[in-house]
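What follows is the residue order along each chain.
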Amino acid sequence: MSNHALDWSAADERAVDLIRVLAMDAVQEAGNGHPGTAMSLAPAAYLLYQRIMRHDPADPQWPGRDRFVLSCGHSSLTLYIQLYLSGYGLTLDDLKALRKWGSITPGHPEYGLTPGVEVTTGPLGQGVGNAVGMAMAARRERGLFDPDAAPGESPFDHFIYAFASDGDMEEGITHESCSIAGVQELGNLILIYDDNHISIEDNTAIAKDEDTAARYAAYGWHVQHVSWITADGAYHENVQALYDAIEAAKAVTDKPSFIQLRTIIGWPAPTKQNTGAAHGAALGDAEVAATKKILGFDPAVKFPVEQEALSHSREVANRGKTAHAEWDEKFKHWEDQNEERAALFARLSARSLPPGWESALPVYPADDKGTGTRRTSGKILTALAPVLPELWGGSADLAESNNTTMEGEPSFLPVNRQTEMWPGNPYGRTLHFGIREHGMGSILNGIVLSGYTRPYGGTFLQFSDYMRGSVRLAALMEQPVTFVWTHDSIGLGEDGPTHQPIEHLWSLRNIPHLDVVRPADANETVVAWKTIIEHTDRPAGLCLSRQNVPTFDRSTYASADGAARGAYVMADGDDVILIGTGSEVQIAIAARELLAAEGISARVVSMPCVEWFDQQDASYRDEVLPRELRARVSVEAGITPPWRIFVGDAGVSVGVDHYGASASEQVLYQEYGVTAEAVAAAARTSIAAARD
């Protein structure tokens, strides 16, 4: 508990009430939105921004800042109004434009749009996972830049604060990510749970009955309770009690902290407080007017300025400036004493790569037997470990199947968590997510948003379904997370249809800003990793084979460097184009040989990444896929209809438009007709169609 009283004046009380009024007015102006939580969390949010967090409104990207994540993104006004009051550049006009076209105050906070917004939130639970990722990243970054500093003394030490709602607690992703946080003993993470018992369908008793705080205690979190509902049923917003709880949480360095804050949603609206009506809809003119009277505001005045309260709130900017200057002095001292690490910090801040890093990439000789591209990927990661310290990651309990472990690198674990198989330390590099794909995705997003490292996480391609929400948000935020998805076809063998991805490649290709990369052999896998690492403005899904694929002889076939352009001509021909991806490129090559025996000249195009190919200029695309050559065949062990965009009206697609079965990959490819013979037959059909 803190040993001094909180400095909390009448001006602070007025500012808190102003927040409630602005929240009501903004939703009324928009005609829709979520006023209730912004009203009841007003004291907590104001306390955080005015008395707790280290931040500088003049520099939202200051490396020394604490981070705030609003996981309950529907209550975007909880954040927007604090950014307005603190002086982040938001104006009253921005609040008036809530949820409107062209505004910087959209319905849910968006990273990169609004100064002071750390992460795009909205899908419930995601923000909690992001906060866990940020806390993990802060520790890894400290290990890179300042591992020997005493606890709390490094310029890279900071806290991650998050607000979560009942809805966040109900989503399974918070279980996944918060369980990991407990294992990782993230003492820099403080989560405040707004326990108001209300969601869109009103009282949460109809769907939620567990002891949430006990659940977090079971995860290994430090748990505290603060209730603003008093023993006699009255309501008293005891800000001092919340302040004490946060200060106590900051003092616990070996556990993440969970503060269960009992509030009344919509307080003090006279008829709609504590109802679902306050959660997700405008309160209505009469209710807003009545609430303003209770708070001592003129009901006739919309969006009041309240200059005294505003000026008082803006004083946080001066405090932030002072804290920033103190941090700068500490940072300068660190910089002077750590020349090499300071250079690393500067490089990672710019998301640039070290000169000559690509020389660490292996080159593979021709090999008819070859290997699975998942294995090649693992060797690439090991080769890159010494030259790219920012690269780190792991798997959802599939490290040996995904090949996501850099050989010899320690695990990222508290010392007491390491095992004989997985030695590690708090600053380690190998991540263990357990069987928690969705939590892994949200944590990876939080790691990359922290700003300095490049994370990757692996699972089977089939289970990309379990993490799709996180993948979509990585794409929406255009952040360079790498998802390593192995076992990418029916070629994974006897596990059967539950594990064989059929629709997944095209389903993922439909996500804007996501690069889906399926290399054909070892050298394409090298080029894929190189290109993914060079891209800093979007995520990638690297889809890799379990089964062996041949390493093509590049003295016979075109250089794998063409993979960086998404598609390239591996072997030329004049009569038909055979387009293959991943493990099916070898089938296209074999079909070319069959057709050659008949006097048919086939061009083989390897297309590892549709997105990269689409980004090429029209002349290159026409060079690879000449418009006049209408005879075309695609071959990929997945659904075929989307391939129409490349094969055209005379083309034929060879693939799998049904669920799989348990058998070896050789049997499955033969039984389902994904063979060289089937591709050759399709080529003849397409040639005939192109002549009509």
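As shown above, the structure is provided for reference.
Described below are features of the structure shown in this document. (Residues numbered from 1 in each chain as written. Predicted model: local features only at pLDDT ≥ 70, side-chain atom pairs only at ≥ 80, totals over all residues. Heavy atoms only, no water.)

**Section: the overall build of the protein**
Thinking step 1. Of regular secondary structure, the protein possesses 26 helices and 22 strands.
Thinking step 2. Whereas a compact globule of 692 residues would reach a radius of gyration of roughly 26 Å, the protein reaches 28 Å, a difference of no more than 12%.
Thinking step 3. Structurally, the protein occupies a C-alpha span of about 90 × 55 × 45 Å along its principal axes.
Thinking step 4. Within the protein, the fraction of its 692 residues that count as buried is 60%.
Thinking step 5. For the protein, contacts bridging at least 24 residues in sequence account for 76% of all contacts bridging at least 6.
Thinking step 6. With the model as given, the accessible surface of the protein reaches about 25600 Å², and the carbon-plus-sulfur share is 50%. (Helix = DSSP H or I, 4+ residues; strand = E, 2+ residues; numbered from the N terminus. Rg over C-alpha atoms; globule rule 2.2 N^0.38 Å. Buried < 20%, exposed > 50% of the residue type's maximum accessible area, 1.4 Å probe, protein only. Contact = heavy atoms within 4.5 Å. Areas by Shrake-Rupley, 256 points an atom, 1.4 Å probe, with all protein chains shown as cover.)

**Some remarks on the nonpolar core**
Thinking step 1. Within the largest apolar cluster, 66 residues are counted, with the highest numbers of intra-cluster contacts made by Leu77 and Phe163.
Thinking step 2. In terms of residue count, helix α1 (residues 10–30) provides more of this core than any other element does, 10 residues in total.
Thinking step 3. Residues in contact with Leu77, not counting those within four places in the same chain, are Ala23, Ala26, Val27, Ala38, Leu95 and Leu98.
Thinking step 4. Residues Tyr216, Trp221, Phe258 and Ile443 belong to the second largest nonpolar core, which totals 53 residues. (Core = buried A, V, L, I, M, F, W, Y, C linked by side-chain atoms within 4.5 Å.)

**Some words on the packing of helix α6 (residues 126–145) against helix α8 (residues 172–184)**
Thinking step 1. Put simply, α6 and α8 touch, their axes get as near as 8 Å, and they point 25° apart. By the angle between their axes, α6 is roughly parallel relative to α8. In the crossing of α6 with α8, the sense of the turn from one axis to the other is left-handed. Seen from α6, the contacting residues are Gln126, Val128, Gly129, Val132, Met136 and Arg139; seen from α8, they are Ile173, Thr174, Ser177, Cys178, Ile180, Ala181 and Gln184. (Axes fitted to C-alpha atoms, helices over the stretch in contact; angles between N-to-C directions. Parallel < 35°, antiparallel > 145°, perpendicular 65-115°, else oblique. Left-handed = near helix turned anticlockwise from the far one by under 90°.)

**Some points on the pattern of salt bridges**
Thinking step 1. Enumeration over the complete set of coordinates arrives at 27 salt bridges.
Thinking step 2. A salt bridge links Asp166 to Lys208; the nearest nitrogen and oxygen atoms lie 4.0 Å apart. In this pair, Asp166 is assigned in helix α7 (residues 166–170) and Lys208 in the loop between β5 (202–203) and α9 (212–219), connecting sequence segments 42 residues apart. In this structure, Asp166 and Lys208 share a single accessibility class: buried.
Thinking step 3. The partner of Asp336 in a salt bridge is Lys332, with the nearest N and O atoms 2.9 Å apart. Taken together, the residues span about one helical turn, with Asp336 and Lys332 both in helix α13 (residues 307–337) at a distance of four residues.
Thinking step 4. Judged by its relative accessible area of 49%, Asp336 is partly exposed.
Thinking step 5. Look at Lys332 and you get partly exposed, because its relative accessible area is 43%.
Thinking step 6. What you see here is one network of salt bridges that share partners, running through Asp17, Arg20 and Glu237. (Salt bridge = Lys/Arg side-chain N within 4 Å of Asp/Glu carboxyl O.)

**A word on the packing of aromatic side chains**
Two numbers describe a pair of aromatic rings. These are the distance of the centres and the angle of the planes.
Thinking step 1. Considering all chains together, one arrives at 32 aromatic pairs under this definition.
Thinking step 2. When the centroid spacing of 5.2 Å and the interplanar angle of 40° are considered together, the rings of Phe331 and Trp334 count as tilted. In this pair, Phe331 and Trp334 both sit in helix α13, three residues apart, roughly one turn of the helix.
Thinking step 3. Taking the relative accessible area as the measure of exposure, Phe331 reaches 12% and is therefore buried.
Thinking step 4. The exposure class assigned to Trp334 is buried, which follows from its relative accessible area of 3%.
Thinking step 5. On the numbers, 5.8 Å between centres and 50° between planes, the contact of Trp643 with Phe646 is tilted.
Thinking step 6. Here the aromatic residues Trp62, Phe145, Phe156, Trp327, Phe331, Trp334, Phe345 and Tyr452 are joined through ring pairs into a cluster of three or more.
Thinking step 7. Looking at Arg140, its charged tip hangs above the ring of Trp392, at a distance of 5.7 Å from the centre.
Thinking step 8. The ring of Tyr84 carries the charged tip of Arg314 above its face, separated from the ring centre by 5.4 Å. (Phe/Tyr/Trp six-rings, centres within 6.5 Å; stacked < 30°, edge-to-face > 60°. Lys NZ or Arg CZ within 6 Å of the ring centre and 35° of its normal.)

**Considering the environment of Asn523**
Thinking step 1. Along the chain, Asn523 turns up in helix α20 (residues 522–534).
Thinking step 2. Placed 364 residues apart in sequence, Asn523 and Phe159 show a C-alpha to C-alpha distance of 42 Å.
Thinking step 3. Residues in contact with Asn523, not counting those within four places in the same chain, are Val363, Tyr364, Thr551 and Ala560.

**Points about the sheet that holds strand β1 (residues 67–70)**
Thinking step 1. An order of β1-β2-β3-β7-β6 is seen for the five strands of this open sheet, with the pairing classed as parallel. Pairing within the sheet leaves two strands with one partner each, and these edge strands are β1 and β6 (222–227). Shown here is a sheet whose adjacent strand axes are inclined to one another by a mean of 15°, direction ignored.
Thinking step 2. In this sheet, strand β7 (residues 257–262) lies alongside strand β3 (residues 189–195) in parallel orientation, the contact comprising six bridges. Residue pairing across strands places Asp195 opposite Arg262, the latter belonging to β7. (Pairing = 2+ DSSP bridges.)

**Comments concerning the pairing of β3**
Thinking step 1. Of all seven residues in β3, seven are buried; the element is thus mostly enclosed.
Thinking step 2. Across five bridges, strand β2 (residues 160–164) lies against β3 in parallel orientation. The partner of Ala164 across the bridge, within β3, is Tyr193.

**Section: helix α14 (residues 339–349)**
Thinking step 1. Turning to α14, its buried residues number three or more, namely Ala342, Leu344, Phe345, Arg347 and Leu348.
Thinking step 2. Against α6 and α13 lie the buried residues of α14.
Thinking step 3. Just beyond α14, the residue with positive phi is Arg351, at close to 50°.

**Remarks on α1**
Thinking step 1. For α1, spanning 21 residues, the distance from its first C-alpha to its last is 30 Å, which sits close to the expected 30 Å at 1.5 Å a residue.
Thinking step 2. The buried fraction of α1 is high, at 15 of 21 residues.
Thinking step 3. A side-chain oxygen of the first residue of α1 lies 3.3 Å from the backbone nitrogen of Ala11; this N-cap is Ser9. (Expected span 1.5 Å × (residues − 1). Polar contact = N/O pair within 3.5 Å; in protein donor to acceptor, adjacent residues only side chain to side chain.)

**Describing the state of the cysteines**
Thinking step 1. Tallied over the entire structure, the rule returns zero disulfides.
Thinking step 2. Free of any disulfide, Cys72 has its nearest neighbouring cysteine sulfur in Cys178, separated by 13 Å.
Thinking step 3. Given a relative accessible area of 0%, Cys72 falls into the buried group.
Thinking step 4. No disulfide involves Cys543; its sulfur sits 9.4 Å from the nearest other cysteine sulfur, which is in Cys609. (Disulfide = S-S within 2.5 Å.)

**Thoughts on the sheet that holds strand β20 (residues 602–606)**
Thinking step 1. Strand order across the open sheet formed by five strands is β18-β20-β19-β21-β22, with mixed pairing between neighbours. If you trace the sheet from one side to the other, it starts and ends with β18 (568–571) and β22 (652–654), each paired once. Put simply, the sheet's adjacent strands are angled 25° from each other on average, direction ignored.
Thinking step 2. Where strand β21 (residues 632–635) meets β22, three bridges bridge the pair, whose relative direction is parallel. Counted as the bridge partner of Val633 is Val652 from β22.

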